[in-house]
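The residues making up each chain are set out below.
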Amino acid sequence: MADVGVIGVLKHFPGHSPTETDSHREVASIELSREEFESTNLQAFRVAIENGAEVVMMGHLYYPNIEPVENLPASLSPTMVNILRDDLGFEGIIMTDALDMGAVLNTYPIEEASVIAIQNGVDLLAMGPNLSFAAEQSAMDTVFEAVERGEISQERLDESVRRSLMLKAEYGLLDWEPLDPETATDRIRTDLSQEAIISLFEAGITVVYDRQNFLPLRLDDQVAIIYPIGKPVIREECSTYLPDATFQGYSFVPADWEYGASQAAARNADKVVVIAENIAWNIGQKSLVESLAADNMIYVSLWKPYEHEVLRPDTPAFISAYSTRVEAQSA
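Structure report, in brief. (Residues numbered from 1 in each chain as written. Predicted model: local features only at pLDDT ≥ 70, side-chain atom pairs only at ≥ 80, totals over all residues. Heavy atoms only, no water.)

**Description of the side chain of Asn 296**
Along the chain, the position of Asn 296 falls in the loop between α12 (283-290) and β10 (297-301). Judged by its relative accessible area of 13%, Asn 296 falls in the buried class. Here Asp 270 takes part through its backbone oxygen, which lies 3.4 Å from a polar atom of the side chain of Asn 296. Setting aside residues up to four positions removed in sequence, Asn 296 forms contacts with Phe 214, Ala 266, Ala 269, Asp 270, Lys 271, Val 272 and Pro 316. (Helix = DSSP H or I, 4+ residues; strand = E, 2+ residues; numbered from the N terminus. Buried < 20%, exposed > 50% of the residue type's maximum accessible area, 1.4 Å probe, protein only. Polar contact = N/O pair within 3.5 Å; in protein donor to acceptor, adjacent residues only side chain to side chain. Contact = heavy atoms within 4.5 Å.)

Structure follows, in C-alpha cells:
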C-alpha cells in the first residue's frame, strides 16, 4: 500500500481473536493469559510493526488478564497504549476504532471517550459514520475545553500533531490540493474495481444453514420471492434463473396490503425466498417476515449476519449477503 502512496492502518490492536462478541455491539472480551497473548496476537503485531506499519488502530477489546480496569477497551486504555509504545517500540500514529460503536457508547458519552483516549496517548480519533455532526462538534468542543483546563497537556497534543505532520510530510500531503471530483472517473479504473467488487460479493455469499436441503433452487420448484421493492436488481437477477417464480415486493415500511399480498404469494409456493434489509432494526420488515409461514422459508439478509438471532428458530434456511449494495443483490 505504501508503495502506491496509500497510508495503511494495522488493526485491530491488541487482536480480536479469540472472542465471540462483536465490538459494534458491546465490549469484546478476550480471555488470553499474558503468555498466550505475547506468543500469538502480540507477536503478529510485532512482526507487522517491524516491517514498517505506520498507523495502528486500537480495537474496542478488553483483555481481563492484562487490563487492570474492568471492561476498559484497548482504545481507551493507557495500559494497551504503553504495550504498543514500550513493548513493541511503535513510534507511529495510534488511532481509535470508530467511537460510535456500542463497545464505547454503551458506557462512555462520546465527549468523555474522546478526552480519555487523548489523555491516554491516542493520536487520532475515529468518530464513526453513525454520529451526528452535532455530536462530533460536541466532542471537539469538550476536548478543547479539557485542554484549556489543563486536563490534556500541550505536550500531549504536540506529540500527536508531530506524528501526524511527519507522516503527512513522508507522503507528500503537506501541500496537497484536492483533485476535481468531476474528473474522478477519468482517473480511476472503475471497470477493474467493479469486477473486483462483484467477485468479492459472489465469493462472500454465505449459506449459514440449510436444514432441509432447499438449496440450490431448481427450475421446477414452485418459488415465491418476497423482496424489498427498493431493490429491483433482485427481481431482475432472479427472473433470469427462475423465470416462473412469483415475485412480490414490499415497501421499506410495509403497508397493510403488502402483508396480505406477500402471504398470498407464499401460500401458493413450495419454497419462499424472503429477502430483507435489517429485521433486527426494521420492525415493519420483521413483522412482515413473521407473518409468513416459516416452514418453507429461505431467509436472505442483505445486512448483518446476525439476523438468525431474531428469526423464528424453525426457519429452514438462512443466507447472508452482508450488504444492500447492488453488487450484493446481484450476487
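**Some thoughts on the sheet that holds strand β1 (residues 9-13)**
The sheet built from 3 strands is open, its strands ordered β1-β3-β5 with parallel pairing. The open sheet terminates on both sides in strands that have one partner only, identified here as β1 and β5 (93-96). Within the sheet, the average angular offset between the axes of one strand and its neighbour, ignoring direction, is 25°. Sitting on the sheet, helix α3 (residues 78-87) touches β1, β3 (55-58) and β5, and the angle it makes with β3 is about 160°. (Pairing = 2+ DSSP bridges. Axes fitted to C-alpha atoms, helices over the stretch in contact; angles between N-to-C directions.)

**Digging into the nonpolar core**
Ranked by internal contacts, the top residues of the largest apolar core, which has 36 residues, are Phe 13, Met 58, Tyr 63, Met 80 and Leu 84. Of all elements in the fold, only β1, α2 (41-50), β3, α3, α5 (110-119) and α6 (133-148) reach the threshold of two or more residues within this core. Those residues in contact with Met 80 that sit more than four places away from it in its chain are Phe 13, Pro 14, Met 58, Tyr 63, Ile 66, Glu 67 and Ala 74. Grouped together as the second largest cluster of nonpolar side chains are 19 residues, Tyr 209, Ala 224, Ile 279 and Leu 292 included. (Core = buried A, V, L, I, M, F, W, Y, C linked by side-chain atoms within 4.5 Å.)

**Re the environment of Ile 319**
Tracing the backbone shows Ile 319 in strand β11 (residues 317-320). Ile 319 gets classed as buried once you look at its relative accessible area, which sits at 13%. C-alpha of Ile 319 to C-alpha of Tyr 299: the two residues are 20 residues apart in sequence and 6.1 Å apart in space. Once you skip the residues sitting within four places of it in the chain, Ile 319 turns out to touch Ile 205, Thr 206, Val 207, Val 208, Leu 215, Ile 298, Tyr 299, Val 300 and Ser 301.

**Notes on unusual backbone geometry**
Among all residues save glycine, negative phi is the norm, and among peptide bonds the norm is trans. His 12 follows Lys 11 through a cis peptide bond whose omega is -5°. In this chain, Ser 17 is followed by Pro 18 through a cis amide linkage whose omega measures -10°. Tracing the chain through its elements places Pro 18 in the loop between β1 and β2 (28-29). Its identity as a non-glycine residue notwithstanding, Asn 213 has a phi of 55°, on the positive side. Although it is not a glycine, Tyr 322 sits at a positive phi angle of roughly 75°. On the basis of relative accessibility, which here comes to 39%, the residue Tyr 322 falls in the partly exposed class.

**With respect to the environment of Trp 303**
Take Trp 303: it is sitting in the loop between β10 and β11. Using a relative accessible area of 36% as the deciding quantity, one classes Trp 303 as partly exposed. It is 5.3 Å that separates the C-alpha atoms of Trp 303 and Glu 277, two residues lying 26 residues apart in sequence.

**Things to note about the pairing of strand β7 (residues 223-228)**
With 6 of its 6 residues buried, β7 lies for the most part within the structure. Residues of β7 alternate between two faces, with Val 223, Ile 225 and Tyr 227 on one and Ala 224, Ile 226 and Pro 228 on the opposite face, all of them buried. In this structure, β7 lies alongside strand β9 (residues 271-276), joined through 4 bridges in parallel fashion. Its bridge partner lying in β9, Ala 224 is registered against Val 272.

**Observations concerning the packing of aromatic side chains**
For any pair of aromatic rings, the description consists of the separation of the ring centres together with the inter-plane angle of the planes. One pass over the full model with this rule turns up 6 aromatic pairs. Relative to Phe 45, the ring of Phe 13 has its centre 5.0 Å away and its plane inclined at 80°; by these criteria the two rings are edge-to-face. One end of the pair, Phe 13, is in strand β1; the other, Phe 45, is in helix α2, with 32 residues separating them in the sequence. Of the residues examined, Phe 13 reaches a relative accessible area of 0% and is grouped as buried. What makes Phe 45 buried here is its relative accessible area of 6%. Site record: aromatic cluster; members linked through ring pairs are Tyr 209, Tyr 299 and Phe 318. (Phe/Tyr/Trp six-rings, centres within 6.5 Å; stacked < 30°, edge-to-face > 60°.)

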